[in-house]
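Here's the letter readout for the chains.
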Amino acid sequence: LEDGIFPIVKELIQNAEDAEAKQIAFEFDRNEVRVTNDGKPFTAEDVWGICSVGQSRKKNKIGFFGIGFKSVHEITYSPEIYSGPYALRLDDKIYPSSLSHEDSDGHGGALFVLPVRSDRRSQVESMIDNLTSPDLLHLLLTLDSLESLEVVDLIGGRSGRFYRERTARDSEGHWDEYRIGGTWPNFEDQT
C-alpha cells in the first residue's frame, strides 16, 4: 500500500503465521507500536535468522532470505523482541543486545516493541489505515493459522478486529470454507 508501510504489516503477520499463531494484535500510540502473537516462541535459530541476512532456515516460508523483518526499520531504529527465553533489542539492524524479561509482561508467543522514530510518526497513521483496510480482510483467506487480527488505536480510537472462522471442510481435505469479517462499521461477513 502507501509509504512502504504495508511491508512491515505483511512481515509481522507472516511472522505470526510462520509461528502458527491463532491471534495477532497491533497496538498503536504516537511513540510506539506493540505487536503480539500467540504463536510458538522464538528458538535460537529464529534469533539468528532475525539478526542475519540470508541465514534463515525457513526453506518453505516467506522469510526464507531473512530480510523481511528488517522492514521494521522503516519506522524504528531499535526494535525489541520478547519471545520464549529471549529478550533483545536490535541495533543497527543486526546487532542484538540483551533486555530484561521484566519488560515483556510474561507474554507467551512473541512481543515486538517498535519505538517509533521521530521522523516517522506520521507514517504510523498510514500503518493503521493499512491494517483497517477492507483489503486486509482478504489476506486472512490466504493464511493457514491466523484466525484473528486485532487493532488497538490509542491515537485516533479506531479499534477493532478481523476474524476468520472455518465453516465447512471437505472430508478429503481438498477445500475449506471460511467466514471472514471485521468489527468496523460497514464490514459485512463474507463466506
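None of these values were measured; they are calculated from a predicted model.

We now examine the nonpolar core. Membership of the largest hydrophobic core comes to 41 residues, with the highest contact counts inside it found for L12, I13, F26, F28, V33 and L149. With six residues, helix α1 (residues 6-18) is the largest single contributor of residues to this core. Listed in part, the five residues of the second largest apolar core include Y82, A87, L111 and V113.

This part takes up the sheet that holds strand β6 (residues 110-115). Read from one edge of the open sheet, nine strands run β5-β4-β3-β6-β2-β1-β7-β8-β9, paired in mixed fashion. The open sheet terminates on both sides in strands that have one partner only, identified here as β5 (95-98) and β9 (176-182). Averaged over all adjacent pairs, the angle separating strand axes in this sheet is 15°, with direction ignored. The pairing of strand β1 (residues 23-29) with strand β7 (residues 148-153) spans six bridges and is classified as parallel. Across the sheet, I24 pairs through a bridge with L149, a residue of β7. Lying on the sheet, α1 is in contact with β1, β2 (32-37), β6 and β7; it crosses β1 at an angle near 145°.

Here we take up helix α2 (residues 44-51). Of all the positions in α2, only V47, G49, I50 and C51 are classed as buried. Taken together, the buried residues of α2 touch β3 (80-83), β4 (86-91) and β5.

As paired elements, β4 and β5 share four bridges and run antiparallel to each other. If you follow L90 over to β5, its bridge partner there is P96. Turn length for the β4-β5 hairpin, with the two strands adjacent in sequence and antiparallel, is three residues, and the turn residue D92 shows positive phi of about 50°.

With that settled, consider the pattern of salt bridges. Per the counting criterion, the structure on display carries 14 salt bridges. Put simply, K22 and E147 hold a salt bridge, and the shortest N to O gap is 3.9 Å. Highlighted residues: K22 in the loop between α1 and β1 and E147 in the loop between α4 (134-139) and β7, separated in sequence by 125 residues. Note on K22: relative accessible area 39%, which makes it partly exposed. One salt bridge in this structure joins R34 and E32, with 3.6 Å as the shortest N-O distance. Salt bridges sharing common partners tie together E74, R117, D119 and R120.

Here we come to the environment of D153. If you trace the backbone, D153 turns up in strand β7. For D153, a relative accessible area of 3% translates into the label buried. Taking the C-alpha atoms as reference points, D153 and F28, 125 residues apart in sequence, are found 5.0 Å from one another. Excluding its chain neighbours within four sequence positions, the residues that come into contact with D153 are F28, I128, R158 and S159. Within the structure, the side chain of D153 is placed 2.8 Å from the backbone nitrogen of I155, a separation counted as a polar contact.

Scoring rules and cut-offs
Residues numbered from 1 in each chain as written. Predicted model: local features only at pLDDT ≥ 70, side-chain atom pairs only at ≥ 80, totals over all residues. Heavy atoms only, no water. Core = buried A, V, L, I, M, F, W, Y, C linked by side-chain atoms within 4.5 Å. Buried < 20%, exposed > 50% of the residue type's maximum accessible area, 1.4 Å probe, protein only. Helix = DSSP H or I, 4+ residues; strand = E, 2+ residues; numbered from the N terminus. Pairing = 2+ DSSP bridges. Axes fitted to C-alpha atoms, helices over the stretch in contact; angles between N-to-C directions. Contact = heavy atoms within 4.5 Å. Salt bridge = Lys/Arg side-chain N within 4 Å of Asp/Glu carboxyl O. Polar contact = N/O pair within 3.5 Å; in protein donor to acceptor, adjacent residues only side chain to side chain.

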